[in-house]
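What the coordinates show
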Amino acid sequence: MSDMSDDYDDDYGQGSDDGFGYESYEGSDYGDDGNDGFDDVKPESLKRKPYEIAYEVLSVSDIQKQQDELIEQVSSILGLSNENAMTLLLYFKWNNDRLLEHYTEDPEGVLKKAGVSISDDDKFVYEIKPVEGFFCDICCEDREGLMTFALECDHRFCAECYRQYATQKIVDEGESRNITCAGDCTVVMNDSAIKTLVEPQVYGRYQTLLHRTFVLDNEHLIWCPAPNCEYAVKCDDVSAKDLTSVVPTVTCKCGHRFCFGCGLPDHQPSICALVKKWIKKCEDDSETANWISAHTKECPKCRATIEKNGGCNHMTCRKCKYEFCWICIGNWAEHGTSWYNCSRYDEKSGVDARDSQAKSRASLERYLHYYNRYANHEQSAKLDQDLYVRTEKKMTQLQSTSGMSWIEVQYLAQASAALQECRQTLKWTYAFAFYLERNNDTHIFEDNQQDLELAVEHLSLLFGKPIHELAELKVQVMDRTAYCNKRRENLLSDTAKGLAEGRWKYQVQVK
Amino acid sequence: MYKKPSAKGGTAIRRLMTEYKQLINDGPDGISAGPIDEDNFFEWECLIQGPEDTPFEGGVFPATLTFPKDYPLSPPTMKFTCEMFHPNVYKDGTVCISILHPPGDDPNMYESASERWSPIQSVEKILISVMSMLAEPNDESGANIDACKVWRNDRAEYGRIVKANVRKTLGL
């Protein structure tokens, strides 16, 4: 398991880090992605970094295998047939510990509740066969030689009706776990009953549904949320209560990076709880806050937010009837006779009012500070993505104009991937920083953030240069790419360590 | 992607005839049902007696049952043809009850699949369910919101309205 996950880390987790043998770069830990034939030599640098977790990407056949293993395990312990073991597992939502616990207490009760009927013959065989003198209660057919079907409970219907019933359950209702006998009883149709009865493509659908429940019921498994992706990710070490101390980011085989905890796209270094708060806050607040900040002032007395939509500077607050000057926010009475004109910037009441106004606006400004940077990186990441599309063209051009080989122009792809990843990280550092308390640790965090930001902007600048300059800048771009990745790694490692130690103090409550 | 199951020709008619025969020979008390016209087995008329010890007591309520072509895979629809003031009956008389909802189609998202229509249900079971629905309305899934409100807040008024309807159906 851990071996497997390491392999995935190599191939996918650090797609952008494999700096083409950049051993000479000082302090660079990158360099071995397995492409250079030194696969068997695992340097220190390939050990899991503090912000990475062990996980495994499972294909549909892997899921089937795990399912089968679990069934095998339960059937051998309990001495049941595989089908019955499976029905029991389905009833206990694939939780074999709970199953064994309950089963040892009350085997018959559990079997009954799960809809397993143990017949006297050791092995009941599902078959479609004609029965003498049979009358189907569904279609009222009693023709000679009519094919019939029944489960262990012997509620027999004609095969056609039974097939339609099961097909409807599977196809229309998306049911797999709990398809009971077509008559009035609780016996569950198991895998082999379904297989005997329905058409192959419906059986395929049934198996897909089973895989789905297998993944959904297992807290260590999650489907990759990317559209049309059929992989699931398995992560044994992370459970819901750990999500305040770790940001479990995984990369699916399809290339999608996402958080195992909440399914959202990669949001390191912010923990899930903060991400949720931040996204909600942004949806609620950002535009409104922007507008408020730009267009309104507050009544110096009651703090009501006021928009001036015309008239003179003599304001009277609708709410508290306080009269003040729009220009200096001071008490209107002090303006004496100089109506419609404010030249009293230094008057005491005006200064005080502006001070307190400043304070109340500060929290708004603070939020906007973080939001704007967050949004900026999001936007820049999109622009960089567009740029990447053009980069591919550039790479082909470079090959023809400068005579470089395909391998030699890969540095642009690496640079682009690094930009994407770093911007994604930067974006979330702002959401994280917004909730951090001011202290020395936060200072260190912000220093790291600043370093990364500088590195990214510098690389971004180089990246945007015209094609003929890019060839000459190759070494610089490669240096910068490696430097960005290094900065990102430092920042994430430090935050991850902080999370594990509980070093970060937040301004809000996180569960 | 998958063919929706469809009943073989004649299944619906054969099944409806069998049910009709059973209802004539051995129908439960307080219920009668049968096709309006023996040429069209897909339109039935039925009469339900108001359950005892309820405001509906003494009334006889006519309704129509309309069967789909793929009966018994899909359920029939039922509509009262008299005035009906009841939380689970729409103002146009259509009955909203879980046994009449096809599987996979749960308008109110609260019914478990087991309460809903399945091919082994029958006209008889539907009518019995409707009878017990008259006695015990389910105010969690109201079809007639006004009736729901009155039933919940003012039981005496509810009884009065229902009794007035009963008298109307009897032509008094």
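Cut-offs used in this document
- Residues numbered from 1 in each chain as written.
- Chains lettered and ligands numbered in written order.
- Predicted model: local features only at pLDDT ≥ 70, side-chain atom pairs only at ≥ 80, totals over all residues.
- Heavy atoms only, no water.
- Helix = DSSP H or I, 4+ residues; strand = E, 2+ residues; numbered from the N terminus.
- Buried < 20%, exposed > 50% of the residue type's maximum accessible area, 1.4 Å probe, protein only.
- UniProt positions renumbered as here; feature names shortened; annotations may be inferred.
- Patch = residues over 30% accessible without salt bridge, like charges linked within 9 Å, V, L, I, M, F, W, Y side chains within 5 Å.
- Areas by Shrake-Rupley, 256 points an atom, 1.4 Å probe, with all protein chains shown as cover.
- Salt bridge = Lys/Arg side-chain N within 4 Å of Asp/Glu carboxyl O.
- Lys, Arg positive; Asp, Glu negative; His and termini not counted.
- Charge placed at Lys NZ, Arg CZ, Asp CG, Glu CD.
- Contact = heavy atoms within 4.5 Å.
- Pairing = 2+ DSSP bridges.
- Axes fitted to C-alpha atoms, helices over the stretch in contact; angles between N-to-C directions.
- Expected span 1.5 Å × (residues − 1).
- Polar contact = N/O pair within 3.5 Å; in protein donor to acceptor, adjacent residues only side chain to side chain.
- Phe/Tyr/Trp six-rings, centres within 6.5 Å; stacked < 30°, edge-to-face > 60°.
- Lys NZ or Arg CZ within 6 Å of the ring centre and 35° of its normal.
- pLDDT = per-residue confidence, 0-100.
- Parallel < 35°, antiparallel > 145°, perpendicular 65-115°, else oblique.
- Nonpolar A, V, L, I, M, F, W, Y, C, P; charged D, E, K, R; others polar.
- Left-handed = near helix turned anticlockwise from the far one by under 90°.
- Arc of directions from axis to C-beta.

Here we take up unusual backbone geometry. The omega angle of the peptide bond from Q268 of chain A to P269 of chain A is 5°, so this bond is cis rather than trans. Mapped onto the secondary structure, P269 of chain A falls in the loop between strand 8 (257–259) and helix 9 (272–295). Across the junction of Y71 of chain B and P72 of chain B, the peptide omega takes the value 5°, indicating a cis bond. Take P72 of chain B: it is sitting in the loop between strand 3 (60–66) and strand 4 (77–80). For K321 of chain A, which is not glycine, the phi dihedral falls at a positive 65°. In this structure, K321 of chain A sits in the loop between strand 11 (314–316) and strand 12 (323–325). Looking at K321 of chain A, the relative accessible area reads 54%, which means it is exposed.

In the UniProt entry, the feature "active site" (unreviewed entry) is given for C96 of chain B. Locating C96 of chain B in the fold gives a position in the loop between strand 4 and helix 2 (123–135).

Moving on, we get to a negative patch on the surface. All names here are of chain A. A surface patch of like charges, here negative, comprises D97, E101, E105, D106 and E108. Per element, the largest residue contribution to the negative patch is three residues, and it comes from helix 4 (residues 96–105). When you line up the elements, E101 lands in helix 4.

All names here are of chain B. Locating T64 in the fold gives a position in strand 3. For the pair formed by T64 and T81, sequence separation is 17 residues and the distance between their alpha carbons is 7.0 Å. Once residues within four sequence positions are removed from consideration, T64 is found in contact with W44, E45, T77, M78, K79 and T81.

Residues and elements named next belong to chain A. Judged by pairing direction, the sheet is antiparallel, and its three strands sit side by side in the order 1-6-5 without closing on themselves. Looking at strand neighbours, the two that pair on one side only are strand 1 (56–58) and strand 5 (221–223), the edges of this open sheet. Across the sheet, the axes of successive neighbouring strands diverge by a mean angle of 30°, strand direction being ignored. Summarising the sheet, strand 1 and strand 6 (residues 232–234) pair through three bridges and their orientation is antiparallel. Of the residues in strand 6, the one forming a bridge with E56 is K234. Sitting on the sheet, helix 2 (residues 60–78) touches strand 1, strand 5 and strand 6, and the angle it makes with strand 1 is about 95°. Contacts between helix 8 (residues 200–217) and the sheet are confined to strand 5 and strand 6, with strand 5 contributing the most and set at about 125° to the helix.

On to helix 12 (residues 440–463) of chain A. For helix 12 of chain A, spanning 24 residues, the distance from its first C-alpha to its last is 34 Å, which sits close to the expected 34 Å at 1.5 Å a residue. Where helix 12 of chain A starts, the residue carrying a side-chain oxygen 3.2 Å from the main-chain nitrogen of D441 of chain A turns out to be N439 of chain A.

We now examine a nonpolar patch on the surface. All names here are of chain B. On the surface, a cluster of nonpolar side chains totalling about 210 Å² of accessible area is made up of L47, V60 and L170. Examined against the element boundaries, V60 turns out to sit in strand 3. Note on V60: relative accessible area 32%, which makes it partly exposed.

Here the focus is the packing of aromatic side chains. All names here are of chain A. According to the stated counting rule, one finds 30 aromatic pairs over all chains in the structure shown. Plain terms: the ring middles of F434 and Y435 are 5.0 Å apart, the flat faces sit at 85° to each other, and that makes the pair edge-to-face. Y435 sits in the buried class, given a relative accessible area of 5%. Over the ring of Y367 we find K281, and its NZ or CZ is 4.6 Å from the ring centre. Its guanidinium or amino end placed over the ring of W504, R503 lies 5.2 Å from that ring's centre, counting from NZ or CZ.

Next up on the list: the confidence of the model for chain B. Residues and elements named next belong to chain B. Averaged over every residue, the pLDDT of chain B is 83; residues scoring 70 or more account for 87%. Within the model, the stretch residues 105–109 combines pLDDT values under 50 with six contacts to residues more than four positions away or in other chains. For this predicted complex, the interface confidence reaches an ipTM of 0.71, while the overall pTM sits at 0.63.

The subject of this paragraph is the packing of helix 2 of chain A against helix 8 of chain A. To describe two helices that pack against each other, one gives the angle between their axes and the distance between the axes. Residues and elements named next belong to chain A. Look at helix 2 against helix 8: their axes get within 10 Å of each other, and the N-to-C directions meet at 75°. Here helix 2 lies roughly perpendicular to helix 8, going by the angle between them. Here V60, I63, Q64, Q66, Q67 and L70 of helix 2 come into contact with helix 8, specifically with Q207, L210, H211, F214 and V215. Classifying every residue of the contact of helix 2 with helix 8 by side-chain character gives six nonpolar, five polar and no charged.

All names here are of chain B. Every second residue of strand 3 is oriented toward a common face, the buried set being F61, A63 and L65 and the non-buried set V60, P62, T64 and T66. Of the strand pairs in this sheet, strand 2 (residues 40–49) and strand 3 are connected by seven bridges, and their pairing is antiparallel. By the bridge assignment, I48 is partnered in strand 3 with F61.

On to the packing of helix 11 (residues 410–435) of chain A against helix 12 of chain A, then. Residue and element names in this part refer to chain A. Interaxial distance between helix 11 and helix 12 falls to 10 Å at its minimum, and their mutual angle equals 145°. Along this stretch, helix 11 crosses helix 12, giving a crossing that reads as left-handed. Counted together, L412, A415, S416, L419, C422, R423, T425, L426, T429, Y430, F432 and A433 of helix 11 and F445, E446, Q449, L452, E453, V456, E457, L459, S460 and F463 of helix 12 form the full contact between these two elements. Split into classes, the residues belonging to the contact of helix 11 with helix 12 amount to 13 nonpolar, five polar and four charged.

Attention shifts here to the confidence of the model for chain A. Put simply, chain A has an average pLDDT of 79, and 85% of its residues get 70 or more. Counting interchain partners and residues more than four positions distant, the pLDDT-below-50 stretch residues 1–39 of chain A has 72 contacts.

Of the strand pairs in this sheet, strand 1 (residues 31–37) of chain B and strand 2 of chain B are connected by six bridges, and their pairing is antiparallel. Counted as the bridge partner of A33 of chain B is C46 of chain B from strand 2 of chain B.

Moving on, we come to the environment of P119 of chain B. Mapped onto the elements of the fold, P119 of chain B is located in the loop between strand 4 and helix 2. In this structure, the C-alpha to C-alpha distance between P119 of chain B and P75 of chain B, residues 44 residues apart in sequence, is 8.1 Å.

Moving on, we come to the side chain of K234 of chain A. Residues and elements named next belong to chain A. Within the secondary structure layout, K234 lies in strand 6. Buried charge K234 goes without a salt bridge, the closest partner of opposite sign being D236 at 4.0 Å. Beyond its immediate chain neighbours, meaning those up to four positions away, K234 contacts Y55, E56, L58, Q66, H220, L221 and F260.

The next thing to look at is helix 5 (residues 107–114) of chain A. Residues and elements named next belong to chain A. Along helix 5, the residues classified as buried are V110, L111 and A114. Burial along helix 5 is one-sided: seen end-on, the buried residues are contained in an arc of 100°. Across helix 5 from its buried face, at more than 90 degrees, point the exposed residues E108, K112 and K113. For helix 5, the elements touching its buried residues are helix 3 (82–91) and helix 4. Once helix 5 finishes, G115 follows within two positions and takes phi at roughly 80°, a positive value.

Remark on secondary structure: sheet strands pair via backbone hydrogen bonds, oriented parallel or antiparallel. Residues and elements named next belong to chain B. Spatial ordering of the open sheet is given by 1-2-3-4, a layout of four strands whose pairing is antiparallel. Of all strands in the sheet, those with a lone pairing partner are strand 1 and strand 4, marking the two edges. Neighbour-to-neighbour, the strand axes of the sheet open up by a mean angle of 30°, direction not taken into account. Sitting on the sheet, helix 1 (residues 11–26) touches strand 1 and strand 2, and the angle it makes with strand 2 is about 30°.

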